[in-house]
Amino acid sequence: MKTERRGSIILVDGKFKFLLGVNYWPRKTNIRMWRDWSEDDISEDARLMKELGIRAVRFFVKNEDFADENANVYPSSLEKLDKFLRVLEENGIAGFASLIVGHMSGKNWRIPWTRFEDLYKPSSIEKTCRFIEAIVKRFKDHGGLAGWILSNEISLVKRAESRDEALALLRAFTKTVKSIDPNHVVSSGDIPNEYMQETPNVRELVDYVGPHLYLYDSDGVRHGYTYSALLELFSNDGDVPIILEEFGFSTHQFSEEAQARFINEVLYSALAHGASGAFIWCFSDFPHESDPPYEWRPLELAFGIVRKDGSLKPAAHVVKRFSEELK
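This structure is a prediction, so every number in the text was calculated from the model and none was measured. (Residues numbered from 1 in each chain as written. Predicted model: local features only at pLDDT ≥ 70, side-chain atom pairs only at ≥ 80, totals over all residues. Heavy atoms only, no water.)

What should I look at first to understand the overall build of the protein in this one?
Helix and strand content of the protein: eight helices and 13 strands. Since a compact globule built from 327 residues should have a radius of gyration of about 20 Å, the 18 Å found for the protein is in line with a globular shape. Scored against the burial criterion, the 327 residues of the protein give a buried share of 59%. Expressed as a percentage of contacts within the protein between residues at least 6 apart in sequence, the contacts between residues at least 24 apart total 74%. (Helix = DSSP H or I, 4+ residues; strand = E, 2+ residues; numbered from the N terminus. Rg over C-alpha atoms; globule rule 2.2 N^0.38 Å. Buried < 20%, exposed > 50% of the residue type's maximum accessible area, 1.4 Å probe, protein only. Contact = heavy atoms within 4.5 Å.)

Got a minute to help me understand the sheet that holds strand S2 (residues 9-12) in this structure?
In sheet architecture, strand pairing relies on hydrogen bonds along the backbone and comes in two forms, parallel and antiparallel. Judged by pairing direction, the sheet is antiparallel, and its three strands sit side by side in the order S1-S2-S3 without closing on themselves. The open sheet has two free edges, formed respectively by strand S1 (3-6) and strand S3 (15-16), since each of these has just one partner strand. Of the pairings in the sheet, the one linking S1 to S2 comprises four bridges and is antiparallel in character. Within the sheet, the bridge partner assigned to Glu4 lies in S2 and is Leu11. (Pairing = 2+ DSSP bridges.)

So what exactly am I meant to see when it comes to helix H4 (residues 163-180) here?
Every α-helical turn comprises 3.6 residues, leaving residues that sit three or four positions apart pointing alike. The end-to-end C-alpha distance of H4, which contains 18 residues, comes to 26 Å, matching closely the 26 Å that a straight helix rising 1.5 Å per residue would cover. Among the residues of H4, those classed as buried are Ala166, Leu167, Leu169, Leu170, Ala172, Phe173, Thr174, Thr176, Val177 and Ile180. (Expected span 1.5 Å × (residues − 1).)

What exactly am I supposed to notice about the nonpolar core here?
What tends to happen in soluble globular proteins is that the nonpolar side chains get buried as a cluster. Within the largest apolar cluster, 101 residues are counted, with the highest numbers of intra-cluster contacts made by Phe84, Phe131, Ile135, Trp148, Phe247, Ile263 and Ile305. At eight residues, H4 tops the list of elements feeding residues into this core. Counting twelve residues, the second largest nonpolar core, distinct from the first, contains Val12, Leu19, Ala94 and Ala146. (Core = buried A, V, L, I, M, F, W, Y, C linked by side-chain atoms within 4.5 Å.)

What am I meant to see in the layout of surface pockets here?
A probe as big as a water molecule, rolled over the atoms, marks out the empty space that is left. Taken as a whole, the largest pocket encloses approximately 290 Å³ of empty space. Contributing to the lining of the largest pocket are 19 residues, with Glu153, Tyr214, Glu246, Arg297 and Glu300 lying nearest its centre. Of the residues in the lining of the largest pocket, the class split is nine nonpolar, six polar and four charged. Within this model, the second largest pocket holds a volume of roughly 230 Å³. For the lining of the second largest pocket, the secondary-structure elements that each account for two or more residues are helix H6 (220-234) and helix H7 (256-272). The greatest single-element share of the lining of the second largest pocket, amounting to four residues, is contributed by H7. Partitioning the lining of the second largest pocket into residue classes produces five nonpolar, three polar and three charged. (1 Å grid on protein atoms, 1.4 Å probe; cavity = no way out; pocket = protein on both sides within 12 Å on 5 of 7 lines; lining within 4 Å. Points joined across faces, edges and corners; volume = space filled by probe spheres on them. Nonpolar A, V, L, I, M, F, W, Y, C, P; charged D, E, K, R; others polar.)

Sorry, what's going on with the packing of aromatic side chains here?
Here a ring pair, both rings aromatic, is described through the centre-centre distance and the interplanar angle of the planes. Applying the stated criterion across every chain, the model contains 21 aromatic pairs. With 6.0 Å between their ring centres and 10° between their planes, Tyr24 and Phe84 make a pair best called stacked. One end of the pair, Tyr24, is in the loop between strand S4 (19-23) and helix H1 (39-52); the other, Phe84, is in helix H2 (residues 75-90), with 60 residues separating them in the sequence. Look at Tyr24 and you get buried, because its relative accessible area is 1%. One aromatic cluster is present, built from ring pairs that chain together Tyr24, Trp34, Trp37, Phe59, Phe66, Phe84 and Phe283. The side chain of Lys107 reaches across the aromatic face of Trp109, ending 5.1 Å from its centre. (Phe/Tyr/Trp six-rings, centres within 6.5 Å; stacked < 30°, edge-to-face > 60°. Lys NZ or Arg CZ within 6 Å of the ring centre and 35° of its normal.)

Just to check I follow, could you spell out helix H8 (residues 314-326) for this structure?
With 13 residues, H8 should cover 18 Å at 1.5 Å per step; its first-to-last C-alpha distance of 19 Å lies within 8% of that length. For H8, every residue scored as buried is listed here: Ala315, Ala316, Val318, Val319, Phe322 and Ser323. Viewed along the axis of H8, the buried residues span an arc of 155°, placing them on a single side of the element. Of the surrounding secondary structure, the elements contacted by the buried residues of H8 are S4, H1, H7 and strand S13 (277-280). (Arc of directions from axis to C-beta.)

As C-alpha cells, then:
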C-alpha cells in the first residue's frame, strides 16, 4: 500500500480514498496490548472493523514495551507488530503507526532511552531516530502499513521551549523516515495548539496536518461550524492535506445517541471540507477499570463506538452507513 501527498489530498495507491478510521487499542487488553498479546482478540476486532467499513487504524508503539534504555528494539515486539500489521492487511485496513508514545489517555508513560526533560536534546533525538529507523526499516514494505506518525501528543510529555526546538525533532524524524521509506506519508501526531501542528511552519516537513479536536457545544449550529472552520484553518484553506487524527467523546459524558449524532456531523463535515480522512477516538470501550490510566481517569473507558462486551453503539451504525455512502 502506497500513500502520498498530492496537492491538498492524500492518495492511497494513486487514488483518493477517504480514510474513515479509528484510533485503536484492543477491546479486551487496551493499553496492555503488546505486553498481554492476543492475536485472536485483535483478529476479532479487525473483523468487526471490516464489517463496519473502517478503512484505517491509528495504533501506538508503546515505547516501554518495545525498547530498552539504549533504544534497542526487542525482537519479540517486532514479531508482534508484524502479526498485527498482517491482521490489518488481511482485513483491508490501513495502519498508521504512532512511534513515540510517552503520553496516552491522560497519563505519561516511560520512554526507556530518554528522560522527559531531555526529549529535544541532540543526544535524545539521536536515540529516538535510531529507534524509529529500526522500525521503519523492518516494516516499510509491509502491506498493512499506510503511514508514520512521530508521536502521540508529545507536547503533553514535554513541551518544547521554542519553535526551533520542536521543529528540530520533527525534521529529524521526517528525514529519518523519508530516507528509508519514501512511499508512506508522515505527520507529527501532536496536539493542535503546539509548534508541530502549525501549518505554515510544518508544511514542508509533514505530508499532512493531523489535528486532535475535542470541542463540544450545546448549540447544534455553532457545534457544526466549529469543526468545519478548524479543518479549513489547519489545512490553511486547502494548502496542506489534513486528516482529523482524533475526535470523539466518552459516553460517560453524554448519551450514546448524542455520540452518534456528533460522529455523524463531524464525518460529513470532514468529507465536505476536503479532509483526506477522520479517525474516531476510539474503536471500543474497555472492560478493565483497574488498569492504568483508567483507575483514575474512568472517562477514558467509554470513548468507543463499540461497547466493552463487543456490541455496537448507535455510533457504529452511523459509521457503517457513512462507509456505505462513501462507496
